[in-house]
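Structural features, examined
Here is how the chains run, residue by residue.
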Amino acid sequence: MKPLSVMLSMLAIGITSSAAMAQATSLPNVSPANSDLANRGAYIARAADCMACHGEDYTGGTAIETPMGGIYATNITPSKRYGIGNYSEADLKKALQKGRAPSHMLYPAMPYPSYSGMTDEDISALFAYLQTVPVYDQAPDYKTDLPFPFNIRTLMLGWNVLNIPSSTNREGLTEVQQRGEYLVNNLGHCGTCHTPRNATMGFDKSKYLAGAQLGHWYAPNITPDALSGIGSWSEQDIVTYLRTGELDQRAFAGGPMGEAVAHSTRYLKNEDLGAIASYLKAVPAIQTDDKVTAVDASRLPSPIDESITHDLVAQKDYLAEAKAEVANGSNSPEALYLATCASCHGVDGYGQPDAQYSPIVGLSSIRRERPDALVNMIVHGVEGSTNTSPIMPGFSDDLNSEQIASIANYVRVNFGGLTSSNVKAADVDRIAAGEDQRPFLIKYAGFLAILGILVAIIVIIFIIRAIIRSRRHR
Ligand code: HEC
Ligand code: HEC
Ligand code: HEC
């Protein structure tokens, strides 16, 4: 939500009852023609974010990229030929809880390690709901086709033994927090992104929710650590962020988190978002080296001048001047920011509400000790969370590393409120080159480790068999 719409919605809240405020965005795919059970299932599908991968219409096709090739989400409409029209409720239960489709094992690109804890009741509702989804009689354009030996899906059996269940239930939680735990660990599968992976590509439980690299994105530490996590957020802050994708001058849900908000969390009931917030406050705080400087409001630019902040025409002259300067070879950080970024984020970082460009003032992504998240965004750009949201282009072709570093420093100090920032061209080179590789290597190593463990198990089985046989023959 952008400032203008925030203002409008605040107005709306002012004139309507507090009951209206408690309403989540109404659920699409819910129909009075459907049973209550099915409609309850529609909510489960939202909370579990099935559409993040299978699509809003459940026709599949989204690729989960791995170093061995794409793993494609399948059609889960009730098509008998191409979807899950032949599934019984027990089949769905097995797919969600054990990662087993009727004819094959699933890859953990489908988050069954998290769904393994889903309750039977919720699966019944989901099953009833999935029967009401319009049938789509076509396979997705691409089919998963990993090379040998990764195409041996039974290998996942060994992985599952090591990595399921992916979470354990905490002791001493209130009932509300237990609900939050279920939403975070099982339905919302937050750990899929926020918990780093261990050598077998399972969750590293010792770093539960402490932040993980996701390709170009960084899913930050969401434990209540005061320095590197979200310890300074109130429960209401967490609810607002999950509801609107934004926390004024504090945080913004971009990229994969923007999608999670757009497809899932914004639809959740206030009580469920509250339960998530309460639970996130109760998990162990883990401190990582990626500290976030607290917002110092006195160091943030004030959106002083209406004419500059919101009047595009007034901004135009500034931008033209800066562009001319840069064209003439100036490397002034301010001119670089104005020429490259201000047409969308505004001369003072407050964005352009009319054009739906987000303000960037104060965001956590520009206040982190490690500049990686910000640099990755400048290098690679940001895809909008939905098909209709505006996108941010990547600037790796237009700017050199020196200039990117310079803009990053300018943004961190002037809009993030940091007292200093020392991103160097070499950091930009490292981030631009490295982050692509790292998660892939880790994943690759993970699969090799699984393979190694399995080969070892198979060899041991053969050895034991051989011993048994030789005894019998005696
Ligand atoms: C993070 C992405 C992701 C999410 C979220 C997700 N899935 Fe999947 N799902 C996949 C992928 C990828 C596959 C195919 C896996 C494979 O080929 O081994 C899959 C496969 C399946 C299958 C097996 C279909 C078949 O081939 O018979 C079912 C059933 C399924 N998903 C249901 C669901 C439901 C229901 C939800 C929500 C509760 C859900 N999925 C959420 C990615 C996802
Ligand atoms: C598909 C990956 C993914 C999933 C699933 C996901 N997140 Fe995130 N999350 C991210 C990323 C990436 C960011 C950083 C967004 C940005 O800075 O634009 C983020 C940011 C956040 C933040 C803001 C942290 C900060 O310091 O700014 C919170 C809070 C959060 N997520 C909570 C959750 C919760 C709760 C869930 C589960 C209901 C969840 N996330 C599920 C990827 C994910
Ligand atoms: C063409 C318009 C455009 C330009 C130019 C642009 N951005 Fe963005 N930027 C966006 C949009 C749109 C988003 C939000 C994307 C989304 O919905 O996730 C965004 C998001 C961001 C965020 C918030 C990311 C987060 O999730 O925390 C930062 C920081 C940012 N931009 C910095 C910059 C910088 C620095 C530059 C100049 C190098 C720049 N942008 C240039 C459109 C732009």
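Residues numbered from 1 in each chain as written. Chains lettered and ligands numbered in written order. Predicted model: local features only at pLDDT ≥ 70, side-chain atom pairs only at ≥ 80, totals over all residues. Heavy atoms only, no water.

We now examine the packing of aromatic side chains. Counted according to the given criterion, the structure contains six aromatic pairs. Taking the centre distance of 5.8 Å and the plane angle of 85° together, the rings of tyrosine 410 and phenylalanine 415 count as edge-to-face. Each member of the pair, tyrosine 410 as well as phenylalanine 415, carries the same accessibility label: buried. Every member of this aromatic cluster is reached through a ring pair, and the members are Tyr337, Tyr410 and Phe415. Residue placement shows arginine 46 over the ring face of tyrosine 267; its charged tip is 4.1 Å from the ring centre. The ring centre of tyrosine 43 lies 4.6 Å from the NZ or CZ of lysine 269, which sits over that ring. (Phe/Tyr/Trp six-rings, centres within 6.5 Å; stacked < 30°, edge-to-face > 60°. Buried < 20%, exposed > 50% of the residue type's maximum accessible area, 1.4 Å probe, protein only. Lys NZ or Arg CZ within 6 Å of the ring centre and 35° of its normal.)

Glancing now at the coordination of the iron atom of ligand 2. Distances from the iron atom of ligand 2 to its protein donors, His194 (NE2) and Met257 (SD), fall at 2.0 to 2.2 Å. Coordination at the iron atom of ligand 2 is octahedral, judged from the six donor atoms that bind it and the angles of 88 to 180° they form at the metal. Within this pair, whereas histidine 194 is found in helix H10 (residues 191-194), its partner methionine 257 is found in helix H12 (residues 255-263), the two being separated by 63 residues in sequence. Take methionine 257: its relative accessible area is 21%, and that puts it in the partly exposed class. (Donors = N, O, S within 2.8 Å, 3.2 Å for Na, K, Ca; no water. Tetrahedral: all angles 85-135°; square planar, octahedral: opposite > 155°, others 65-115°. Helix = DSSP H or I, 4+ residues; strand = E, 2+ residues; numbered from the N terminus.)

Each neighbour pair has its own omega, and for isoleucine 164 with proline 165 the value is 0°, a cis peptide bond. The topology assignment puts proline 165 in the loop between helix H8 (156-163) and helix H9 (175-187). Phi angles above zero are rare outside glycine, and histidine 189 is one such case at about 35°. Within the secondary structure, histidine 189 is located in the loop between H9 and H10. For histidine 189, a relative accessible area of 13% corresponds to the buried category. Although it is not a glycine, glutamine 249 adopts a positive phi angle of roughly 55°. Relative to the assigned elements, glutamine 249 resides in the loop between strand E5 (246-247) and strand E6 (251-252).

Here we come to the coordination of the iron atom of ligand 1. The protein atoms that coordinate the iron atom of ligand 1 are His54 (NE2) and Met110 (SD), at distances of 2.0 to 2.1 Å. Around the iron atom of ligand 1 sit six donor atoms, and with donor-metal-donor angles ranging over 88 to 179° the site reads as octahedral. Of this pair, histidine 54 sits in helix H4 (residues 51-54) while methionine 110 sits in the loop between helix H5 (89-98) and helix H6 (112-115), and the two are 56 residues apart along the sequence. The exposure class assigned to histidine 54 is buried, which follows from its relative accessible area of 10%.

Moving on, we come to the side chain of serine 167. Within the fold, serine 167 resides in the loop between H8 and H9. Among all residues touching serine 167, those that are not within four sequence positions of it are Asn185, Asn186 and Lys205. (Contact = heavy atoms within 4.5 Å.)

Okay, the packing of H5 against helix H7 (residues 120-130) next. For the pair H5 and H7, interaxial distance at closest approach is 10 Å and the crossing angle is 120°. Considering how the two elements wind past one another, H5 and H7 form a crossing that is right-handed. Between H5, through Glu89, Leu92, Lys93, Leu96 and Gln97, and H7, the contact on the second element is made entirely by Asp120, Ile123, Ser124, Leu126, Phe127 and Leu130. Of the residues assigned to the contact of H5 with H7, the class counts are six nonpolar, two polar and three charged. (Axes fitted to C-alpha atoms, helices over the stretch in contact; angles between N-to-C directions. Left-handed = near helix turned anticlockwise from the far one by under 90°. Nonpolar A, V, L, I, M, F, W, Y, C, P; charged D, E, K, R; others polar.)

Okay, helix H11 (residues 235-244) next. Within an α-helix, residues lying three or four positions from one another point in the same direction, as the helix has 3.6 residues per turn. Residues of H11 that are buried: Asp237, Ile238, Val239, Tyr241, Leu242 and Arg243. Just downstream of H11 lies glycine 245, where phi reads positive at about 80°.

A separate point is the site of ligand 3. If you check the shell around ligand 3, you find 26 residues, and the closest are Cys341, Cys344, His345, Ser365 and Met392. The contact in question runs from a nitrogen atom of ligand 3 to an N or O atom on the side chain of histidine 345, over 2.8 Å. Serine 365 places a side-chain nitrogen or oxygen 2.6 Å from an oxygen atom of ligand 3. Elements represented by at least two residues in the shell around ligand 3 include exactly helix H17 (342-345), helix H18 (372-380) and helix H19 (401-414). If you tally residues by element for the shell around ligand 3, the top one is H18, at three residues. Here the residues of the shell around ligand 3 sort into 18 nonpolar, seven polar and one charged. (Near = heavy atom within 4 Å. Polar contact = N/O pair within 3.5 Å; in protein donor to acceptor, adjacent residues only side chain to side chain.)

A full pass over the atoms with the stated rule returns nine salt bridges. A salt bridge links aspartate 120 to lysine 93, with the nearest nitrogen and oxygen atoms 2.7 Å apart. Taken together, the residues span a long stretch of sequence, with aspartate 120 in helix H7 and lysine 93 in helix H5 at a distance of 27 residues. We classify lysine 93 as partly exposed; its relative accessible area is 30%. Between aspartate 204 and lysine 207 there is a salt bridge, with its nearest N and O atoms 3.5 Å apart. (Salt bridge = Lys/Arg side-chain N within 4 Å of Asp/Glu carboxyl O.)

Another point: the confidence of the model for the chain. Confidence in the prediction of the chain, expressed as mean pLDDT, is 86, and 86% of residues score 70 or more. Confidence drops under pLDDT 50 across residues 1-22; counting only partners more than four residues distant or on other chains, this segment forms 16 contacts. (pLDDT = per-residue confidence, 0-100.)

Evaluated as defined, the whole model comprises two cavities of 30 Å³ or more. The wall of the largest cavity is formed by Ser114, Ser166, Ser167, Val184, Asn185, Gly191, Thr195, Phe203, Tyr208 and Leu209. (1 Å grid on protein atoms, 1.4 Å probe; cavity = no way out; pocket = protein on both sides within 12 Å on 5 of 7 lines; lining within 4 Å. Points joined across faces, edges and corners; volume = space filled by probe spheres on them.)

Ranked by size, the top nonpolar core spans 64 residues in total, and within it Tyr58, Met118, Tyr129 and Leu130 carry the most contacts. Residue assignment for this core shows that the elements contributing at least two residues are helix H3 (36-47), H5, H6, H7, H8, H9, H11 and helix H13 (270-282). With sequence-adjacent residues up to four places away left out, leucine 130 is seen in contact with Tyr58, Ile76, Pro78, Ile84 and Leu92. Counting 31 residues, the second largest nonpolar core, distinct from the first, contains Leu338, Ile366, Leu399 and Val411. (Core = buried A, V, L, I, M, F, W, Y, C linked by side-chain atoms within 4.5 Å.)

With respect to the helices and strands, asparagine 186 occurs in helix H9. Take asparagine 186: its relative accessible area is 8%, and that puts it in the buried class. Within the structure, asparagine 186 has its side chain in polar contact with the backbone oxygen of serine 114 (distance 3.0 Å).

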